Amino acid sequence: MNNDSVSRSSFRAQRKFKVGDRVTTSNRCLGTVVRIDRDEIGEYVVARLDILPGEFAYDPWDLEKIN
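Residues take numbers from 1 onward in each chain, read along the sequence in its written order. Selection of residues for local features in this predicted model requires a pLDDT of at least 70, selection of side-chain atom pairs for listing and counting requires 80 or more, and totals for whole chains, interfaces and linings are taken over all residues. Excluded from the side-chain calculation are hydrogens and water; included are all heavy atoms of the structure.

## A word on the pairing of strand 3 (residues 43-49)
Thought 1: Between buried and exposed lies partly exposed: a residue is buried under 20% and exposed over 50% of the maximum accessible area for its type, with that area taken using a 1.4 Å probe on protein chains only. Counting from the N terminus, the helices are the DSSP runs of H or I reaching at least four residues and the strands are the DSSP runs of E reaching at least two. Of all 7 residues making up strand 3, 5 are buried, and the element is well covered by its neighbours.
Thought 2: Any two strands with at least two DSSP bridges between them are considered paired. The antiparallel pairing of strand 2 (residues 30-38) with strand 3 creates a hairpin that spans 4 residues between the two strands, and glycine 42 there sits at a positive phi of about 155 degrees.
Thought 3: The pairing of strand 3 with strand 4 (residues 56-58) spans 3 bridges and is antiparallel. What sits directly across from valine 46, in strand 4, is alanine 57.
Thought 4: Here strand 3 folds back onto strand 4 in antiparallel fashion, the turn holding 6 residues, of which glycine 54 has a positive phi close to 100 degrees.

Set out below in structure tokens:
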């Protein structure tokens, strides 16, 4: 994977989600974005799900924004 594709995907992830967005996971759990973080692998979205206590980290591609 080249650096250009990593930069573009990170940029899309930043623009797609923001704190407070309502999301659904790949297994149809509803939640709210509480922060967007970065580690050595790349960006990830932290969400608090409606049905479980705690916060969970997701790859941006595993979440969909709901209106």
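This is not the end of the story, as more comes after the structure.
## A short note on the nonpolar core
Thought 1: For this analysis, a nonpolar core means a set of buried residues of the types Ala, Val, Leu, Ile, Met, Phe, Trp, Tyr and Cys, connected via side-chain atoms within 4.5 Å. Among the nonpolar cores identified, the biggest contains 9 residues, and these are Phe17, Val23, Cys29, Val33, Val45, Ala47, Leu49, Tyr58 and Leu63.
Thought 2: Per element, the largest residue contribution to this core is 3 residues, and it comes from strand 3.
Thought 3: Contacts: residue pairs with any heavy atoms within 4.5 Å of one another. What valine 33 contacts, discounting residues up to four positions off in sequence, is Phe17, Lys18, Val19, Gly20, Asp21, Val23, Val45, Val46 and Ala47.

## Some words on the side chain of aspartate 21
Thought 1: Checked against the element boundaries, aspartate 21 lands in the loop between helix 1 (3-16) and strand 1 (22-25).
Thought 2: In this view, aspartate 21 contacts Lys16, Gly31, Thr32, Val33 and Lys65; residues no more than four positions away in its chain are not counted.

## Considerations on the sheet that holds strand 3
Thought 1: Reading across from one edge, 4-3-2-1-5 is the order of the 5 strands in this open sheet, with antiparallel pairing throughout. The outermost strands of the open sheet, each flanked by one partner alone, are strand 4 and strand 5 (63-65). Averaged over all pairs of adjacent strands, the angle between strand axes in this sheet comes to 50 degrees, irrespective of strand direction.
Thought 2: Bridge count between strand 1 and strand 2: 3 bridges; the pairing is antiparallel. The residue of strand 2 that forms the bridge with valine 23 is glycine 31. To obtain an axis, a line is fitted to C-alpha atoms, over the contacting stretch when the element is a helix, and the angle between two such axes runs from 0 to 180 degrees between their N-to-C directions.

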